[in-house]
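Structural features, examined
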Amino acid sequence: MSHFNRRQILLSAMSITAVAMTSSMGMADGLPKLAVKKTYKVGFAQTESNNPWRLAQTASMKAEAEKLGWQLVYTDAAGSAAKQVADVNSMIAQGVDAIFLSPREEKPLIPAVMAAKKAGIPLFLIDRGVDASLAKAGVDYVTFIGSDFKLEGEQAGDWLVKTTGGKAVIIELEGSTGSSPANDRKKGFDDVIAKNPGMSIVASQTGDFNRDKGRQVAESLLQAHPEATVIYAHNDEMAIGAISAIEAAGKVPGKDILIVSIDGEKDGLQAIIDGKLGATVECNPKFGPAAYAAAIAYAKGDAIPPVMTNKDRFFDANNAKASIADSY
Ligand code: AHR
């Protein structure tokens, strides 16, 4: 074979590879494509499984995959961002068609988002977001589907202003450090409180979205701040922990100390019915139907908005009883 012929063959092989890469990775618009198929093998990278919210989310993702007849590769990062990055890499190695990721923290999961994009696998963020300055919806991943965490914090703050007449000494129990719900629920709430001169946040510390950690942190903050009249918890699990801490301190939750939180889990609604929790802003964990519907629409070529916000409810003494039956 002449040098010219060998060069021609090499060049055409390279251009075929380039065309194949372009079409499978969707280089034209920056996002990997998803082929229209009868069934898919998809990955769901869960962040941890230590509370009813996470269990309800996993159950929803598994149930909907089964209903559609899709194969689901499920991983649980057990609260480790590093393991969650490894979990996504393992899904890529297993050749999944699409990945659904609930990123534990905003920055450390960026490499996982970028690895999926590089591998030509469309990735959907569900529930939590990543740092928007480092990865963009509609460019680096398909979309974010979830609640408006900042609005949740604002709603908790607004309820408190209304209920206390704008007078409160507040302890804040934050979610997992570096996670989008902890960052945004803090921002939304703190902004409302800052506009009310009769209200102050005397301590704000992480309880890692965990019931027992929430109890321990509430116990020590209540000792340090006996003047506190309110606890704002970034989720119901920490609110339930705080209720135990208040009772252990010989005070009455809901009377001596008001509590407001976020999620709407069964124990949270029961605590409202019992008069111990004032209110909780819903954060719906049942993502299965919306997540897979978005993937199907994406495969068909439908325009997918970069952010798809869940419509959440608000629970207090007026509706907790009526809502508890379909809670988790
Ligand atoms: O990202 C949503 C939050 O994570 C929920 O409020 C919490 O309960 C969960 O662990």
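1. Focus: the side chain of Asp236
The residue Asp236 is located in helix α8 (residues 236-248) in this model. Arg185 is the oppositely charged side chain nearest to the buried, salt-bridge-free Asp236, at an N-O distance of 8.3 Å. For Asp236, the residues in contact, after removing those within four places along its chain, are Ser261, Ile262, Asp263, Gly264, Glu265, Gly268, Leu277 and Thr280.

2. What about the domain arrangement of the protein?
You'll often see interface size given as the accessible area lost when the parts meet. Per the domain assignment, the segments making up the protein are domain 1 (17-146 + 285-311) and domain 2 (149-283). For domain 1 and domain 2, the distance between their C-alpha centres works out to 31 Å. Facing 13 residues of domain 1, the contacting portion of domain 2 comprises 17 residues. When residues of domain 1 are sorted by the area they lose upon contact with domain 2, Trp53, Glu106 and Arg128 head the list and together hold 39% of the total. Counting across the interface, domain 1 meets domain 2 through one salt bridge. For the salt bridge of Arg104 with Asp208, the shortest nitrogen-to-oxygen distance reads 3.2 Å. Split by residue class, the side of domain 1 that touches domain 2 holds three nonpolar, three polar and seven charged.

3. A look at the site of the ligand
In the neighbourhood of the ligand, the contacting residues comprise Asn51, Trp53, Arg54, Asp127, Arg128, Pro181, Arg185, Asn235 and Asp263. The side chain of Asn51 places a nitrogen or oxygen atom 3.1 Å from an oxygen atom of the ligand. Within the side chain of Asp127, a nitrogen or oxygen atom sits 2.6 Å from an oxygen atom of the ligand. When the ligand sits alone it has 290 Å² of accessible area, and the protein chains cover 100% of it. Looking at side-chain class alone, the shell around the ligand contains two nonpolar, two polar and five charged residues. Taken domain by domain, the shell around the ligand gets at least three of its residues from each of domain 1 (17-146 + 285-311) and domain 2 (149-283).

4. Here's the deal with the sheet that holds strand β12 (residues 314-316)
The sheet built from six strands is open, its strands ordered β7-β6-β8-β9-β10-β12 with mixed pairing. Where the open sheet ends on each side, the last strands, each with one partner, are β7 (199-206) and β12. Adjacent strand axes in the sheet meet at a mean angle of 15°, parallel and antiparallel pairs treated alike. Across three bridges, strand β10 (residues 279-282) lies against β12 in antiparallel orientation. Across the sheet, the residue bridging to Val281 is Phe314, located in β12. Contacting β6 (168-174), β7, β8 (230-233), β9 (258-263), β10 and β12, helix α5 (residues 149-164) crosses the sheet at an angle of about 155° to β9.

5. Remarks on the packing of aromatic side chains
Given two aromatic rings, one states the distance between the centres and the angle between the planes to describe the pair. Going through the model one piece at a time under the given rule, you end up with eight aromatic pairs. Centroid distance Phe100 to Tyr292: 5.2 Å. Interplanar angle 85°. Geometry classified as edge-to-face. Of this pair, Phe100 sits in strand β3 (residues 98-101) while Tyr292 sits in helix α10 (residues 288-300), and the two are 192 residues apart along the sequence. By relative accessible area, which is 0% here, Phe100 ends up buried. Note on Phe124 and Tyr298: the rings are 6.0 Å apart at their centroids and 90° apart in plane angle, and the pair reads as edge-to-face. Placement of Phe124 in strand β4 (residues 123-126) and of Tyr298 in helix α10 is noted, with a sequence separation of 174 residues between them.

6. Observations concerning the layout of surface pockets
Each pocket or cavity is described by its volume, and for the largest pocket that value is around 230 Å³. Taken together, 15 residues form the lining of the largest pocket, with Gly129, Val130, Tyr141, Phe144 and Asp184 sitting closest to its centre. Secondary structure elements with two or more residues in the lining of the largest pocket: α5 and α6 (180-194). The residue makeup of the lining of the largest pocket, split by class, is seven nonpolar, three polar and five charged.

7. Considerations on empty space enclosed by the protein
Over the atoms a probe the size of a water molecule is rolled, and this reveals where empty space is left. Applying the stated rule across the entire model yields one cavity of 30 Å³ or more. Lining the largest cavity are 13 residues, and of these Trp53, Arg54, Arg128, Arg185 and Phe209 sit closest to its centre. At the level of secondary structure, the elements contributing two or more residues to the lining of the largest cavity comprise α2 (52-68) and α6. For the lining of the largest cavity, the domains that each give at least three residues are domain 1 (17-146 + 285-311) and domain 2 (149-283).

Conventions we followed
Residues numbered from 1 in each chain as written. Predicted model: local features only at pLDDT ≥ 70, side-chain atom pairs only at ≥ 80, totals over all residues. Heavy atoms only, no water. Helix = DSSP H or I, 4+ residues; strand = E, 2+ residues; numbered from the N terminus. Buried < 20%, exposed > 50% of the residue type's maximum accessible area, 1.4 Å probe, protein only. Lys, Arg positive; Asp, Glu negative; His and termini not counted. Salt bridge = Lys/Arg side-chain N within 4 Å of Asp/Glu carboxyl O. Contact = heavy atoms within 4.5 Å. Domains from an automatic or database assignment. Buried area = accessible area lost by both parts, 1.4 Å probe. Nonpolar A, V, L, I, M, F, W, Y, C, P; charged D, E, K, R; others polar. Near = heavy atom within 4 Å. Polar contact = N/O pair within 3.5 Å; in protein donor to acceptor, adjacent residues only side chain to side chain. Areas by Shrake-Rupley, 256 points an atom, 1.4 Å probe, with all protein chains shown as cover. Pairing = 2+ DSSP bridges. Axes fitted to C-alpha atoms, helices over the stretch in contact; angles between N-to-C directions. Phe/Tyr/Trp six-rings, centres within 6.5 Å; stacked < 30°, edge-to-face > 60°. 1 Å grid on protein atoms, 1.4 Å probe; cavity = no way out; pocket = protein on both sides within 12 Å on 5 of 7 lines; lining within 4 Å. Points joined across faces, edges and corners; volume = space filled by probe spheres on them.

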